[in-house]
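Chain by chain, the residues run as shown.
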Amino acid sequence: MSELFDAVDALVASRSPLPPPAERRRLRQAHALTLDEVAAALGVRRATVGGWELGKAEPRPPEREAYARLLKQLATLYPAPQSTSAPQEDTGTAAPAAQAGPTGGAAEATATAEAKEPPAAPPAPVRHAAATQRPVPRAERAPQSSRRPTARKAAPANTPAPGGAYAHGPLLVLDADSDRRVTGYGVGGLILDVPAKSLPALVEWTLTEAQLGSEKLHGSGKDGDALLVLTEAACERYGLPAALSEAERLAGRLPEGHKVIRQLERADWQLTKRGLGPWARIYRPAQGSRRQCVQLCIPSWRALDDRSWGHAAQLPPPELARVLGVYAARVMTPVGSTAVTGLQLMSALNPPTRASEPDENGRRHREHRPGSLGTEPLDPAPCEAIDGHPVLAHLPRFHVRGPGERLFEEAYDWARDLTDAECMQGHLVGLDVNLAFGAAANGAVVGLSSPPEHVTDPLFDPAVPGSWLVDLSHVDLDRVKVGKQWRDLDGALLPSPFTPAGKRPEGPAWYATPTVAYAVELGYDVTPVEAWLRRESGRFLDGWYKRLRDAYVAAMADLGVAEKLPPHQFLQAMAGYKQRDPELGIVVDAVKMTVKGGIGKLQEKARGGGWKPGQPWPALARPTWRPDIRATVISRARINMHRKMLNLAAATGRYPVAVLSDCAVYAADGPSPLDVLPYGADGKTVPGSFRLGVSPGMVKHEGSQSVLWGADVLEQLGGDGHVANLARYIKTGEVTAKDSGE
């Protein structure tokens, strides 16, 4: 009888149920197993396993039972993910196999390379099912050198799933193991085997098989290029150094004769002018509408600076892919530093050109797109140009321009001594404005693609962007209009709204339109002497603000800080919010630096040796080199800050003791922002003043210290008429260097 039972067991084993081919591949990749590893465990050839995953063959006993056992265990660990994408419209026709994609994923490409058989149409993109699981503690995670992925965190809400031509998302983080096998980690827990053995082959594979990239952000724009992030192990695998030498770091690139650069040249690939550095672009000239460009990001070469990306460069590949993937989905695929990406985002959302209507031959041509900055750079007005600009080449060397020659719109850096009454209070409380420059960009009317027009004795028009030479020294903060009502205040306790240092102007000076408009709002007449005006204008930055605003708010919501929370709940939610998900905390900081850096890049200064004042530098060739737009945004940010402080002072008698950019410090009886802001039982506070919340323009708690701490800092760093800015140290209380005002 036992022989009969054995025969029955063998018969069952010969027909052990197996999942569909695509599911077999998904399960293998979910556990970060390569074809070689599975083949070795089952005692078969690598191409055989690849054939099973492509559905070209079925395993036979005795391997079938073992293979079924492997897949069953993997299915327990990684259940099939539930589809959350929107249902697609049924067109009633099947898509041709040729439209499914160039080839399958990397696993099929590797298998068929050995089997010498044409690949089948690819299955749906494979996602790591562990992306929906809770993360394991960091102490339990595998080291970065291991290719075995750890449990992945769920993709944040409102993050679009990749699809279409870019089924595998915008980027891959590449890592190599001790056997020089390369694995790509993508968004949503995706894991791919990467068959390329050299950098030219990697670029070719990325463009033809990897299905990487991102959809354009505007109908007249361009799709985003694929991004490959190389770990140190991946760099060494492809012949690149794990770190740059001191000379290479200073040059920002590898030398032209490096062997990898020669490999690229032999394969007819080109590098942009910045060469093969921390952020590199490898391309061939476009053929028709087909772009052939791949971006490289090398964290070990300092591509991800600590100020913008925190500890992202030290993350294991799956976590780094998650951080960059969320940023790419909500902002855009990084194209360099956060500042460079912020600037590029402006053009991606507001492209300079569009396709024309068909001509008599039915052809379309590229034409200027209204509302954009165009394709040609503009010279600034002389007052808007920074020192060394070619429009100032006629000035004597070492000439120092004063307020009557130069537009100087910068953020606040102002402080004063504590009053006796403030010294009797126990605490200093810092309030920080969320995305202050982003909020200032929202609704800002700026000049577009036409050059400025010089006008003498103009009538001030707050609707016209430009620069105005006007005397605002007569504006007296002791008596101003607040909400269209005249109010008496202690103007000595407030910074002037017209200068970054908060000092009252002493005569005519150049100001951007928002600054002059605020003088009128305060109830004073203005009489400009001359102006540089931009008649062609628009709200160029509105789309840019909205995208960054949505990215910031969504990331904060994922961290448990939602919009429209009551004040007490908001403060509770903000307590330790980054510790709830440190990787998403990195995304929040990167979004904030994208806002600041993007605005700063509008006035990029000359860099590098060999430049002399009066000579052009590369940034001037960009249509987005626009110091006038930067001045408008910073002017609005400073005025917004002053308006909030003014309204609070008029309603409560509270005055700031220090202001640094988007942070204001107040003396209070308690350490909470609620000890500064007079919220009522209805959850409302002073109209037009500071409001607690996560939205841009609202404020959060920056930090609190004791008044004794503040008095000690003022005594320690003060002297020669200089008052230390307490807002610079309020967050941590640490004073690490002498306050130079920089």
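In the block above lies the structure referred to throughout.
Residues numbered from 1 in each chain as written. Predicted model: local features only at pLDDT ≥ 70, side-chain atom pairs only at ≥ 80, totals over all residues. Heavy atoms only, no water.

Q: Run through the sheet that holds strand 14 (residues 466-471), naming residues and quoting values.
A: The 4 strands are arranged 13-18-14-17 in an open sheet whose pairing can be described as antiparallel. In the strand order of this sheet, the two ends are held by strand 13 (453-456) and strand 17 (508-512), each with one partner. Neighbouring strand axes in the sheet, compared pairwise and without regard to direction, differ in orientation by 20° on average. Here strand 13 pairs with strand 18 (residues 530-533) via 4 bridges, running antiparallel. Bridged to Val455 within strand 18 is Ala531. Each of strand 14 and strand 17 touches helix 16 (residues 513-521); the most contacted strand, strand 17, lies at about 110° to it. (Pairing = 2+ DSSP bridges. Helix = DSSP H or I, 4+ residues; strand = E, 2+ residues; numbered from the N terminus. Axes fitted to C-alpha atoms, helices over the stretch in contact; angles between N-to-C directions. Contact = heavy atoms within 4.5 Å.)

Q: Now, about the pairing of strand 1 (residues 171-176): what can you tell me, with residues and values included?
A: Within strand 1, 6 of the 6 residues are buried, which leaves the element mostly enclosed by the surrounding structure. Neither face of strand 1 is exposed, since Leu171, Val173 and Asp175 on one face and Leu172, Leu174 and Ala176 on the opposite face are all buried. As paired strands, strand 1 and strand 4 (residues 226-230) are joined by 4 bridges and run parallel to one another. Residue pairing for strand 4: Leu171 is matched across the bridge by Leu227. (Buried < 20%, exposed > 50% of the residue type's maximum accessible area, 1.4 Å probe, protein only.)

Q: Tell me about the pattern of salt bridges, and please be specific about residues and values.
A: Tallied over the entire structure, the rule returns 37 salt bridges. The partner of Glu58 in a salt bridge is Arg24, with the nearest N and O atoms 3.0 Å apart. Here the residue Glu58 occupies a position in the loop between helix 4 (46-54) and helix 5 (63-77), and Arg24 occupies one in helix 2 (residues 21-30), the gap between them amounting to 34 residues. Owing to a relative accessible area of 3%, Arg24 belongs among the buried residues under this scheme. Where Asp413 meets Arg728, a salt bridge forms, and the shortest distance between an N and an O atom there is 3.1 Å. Remark: Arg728 occurs in the segment after helix 21 (707-717) and Asp413 occurs in strand 10 (residues 413-415); sequence separation between them is 315 residues. Connected via shared salt-bridge partners are Glu37, Asp177, Asp179 and Arg181. (Salt bridge = Lys/Arg side-chain N within 4 Å of Asp/Glu carboxyl O.)

Q: I'd like a rundown of the nonpolar core, residues and numbers included.
A: Grouped together as the largest cluster of nonpolar side chains are 113 residues, with contacts concentrated most on Trp309, Leu522, Trp544, Met645 and Phe690. The dominant element in this core, judged by the number of residues it contributes, is helix 20 (residues 627-652), at 11 residues. Contact partners of Leu522, with chain neighbours within four places excluded, come to Val475, Leu477, Val480, Lys481, Trp486, Pro497, Phe498 and Leu646. Counting 34 residues, the second-largest nonpolar core is a separate cluster that includes Val182, Val203, Trp205 and Leu244. (Core = buried A, V, L, I, M, F, W, Y, C linked by side-chain atoms within 4.5 Å.)

Q: Provide a residue-level description of the pairing of strand 15 (residues 479-482), including the pertinent values.
A: The side-chain alternation of strand 15 yields one buried face, formed by Val480 and Val482, and one unburied face, formed by Arg479 and Lys481. Bridge count for strand 15 against strand 16 (residues 485-488) is 4 bridges, and the pairing is antiparallel. Note that in strand 16 the partner of Arg479 across the bridge is Asp488.

Q: Give a detailed account of the side chain of Gln425, specifying residues and quantitative values.
A: Relative to the elements of secondary structure, Gln425 occurs in the loop between helix 14 (420-423) and strand 11 (427-433). Each residue touching Gln425, except ones within four places of it in the same chain, is listed here: Arg654, Ala667, Ala668, Asp669 and Val707.

Q: Describe the side chain of Thr624, with residues and values.
A: Topologically, Thr624 is positioned in the loop between helix 19 (582-601) and helix 20. With near-sequence residues (within four places) excluded, Thr624 lies in contact with Leu343, Ser347, Leu373, Lys601 and Leu602.

Q: Account for the packing of aromatic side chains, naming residues and giving values.
A: Tallied over the entire structure, the rule returns 8 aromatic pairs. Considering the side-chain rings of Trp486 and Tyr524, the 6.0 Å spacing of their centres and the 80° angle between planes classify their relative orientation as edge-to-face. You can see Trp486 sitting in strand 16 and its partner Tyr524 sitting in the loop between helix 16 and strand 18, a full 38 residues away along the chain. The partly exposed category is assigned to Trp486, whose relative accessible area is 36%. Taking 5.5 Å as the distance between ring centres and 90° as the angle between the ring planes, the aromatic pair formed by Trp611 and Trp617 counts as edge-to-face. Members of the aromatic cluster, each reached through a chain of ring pairs, are Trp611, Trp617 and Trp625. We note Arg237 situated over the ring of Tyr238; from NZ or CZ to the ring centre the distance is 5.6 Å. In this structure, Arg284 is placed above the aromatic ring of Trp269, and the distance from its NZ or CZ to the ring centre is 3.7 Å. (Phe/Tyr/Trp six-rings, centres within 6.5 Å; stacked < 30°, edge-to-face > 60°. Lys NZ or Arg CZ within 6 Å of the ring centre and 35° of its normal.)

Geometry only, nothing functional implied.
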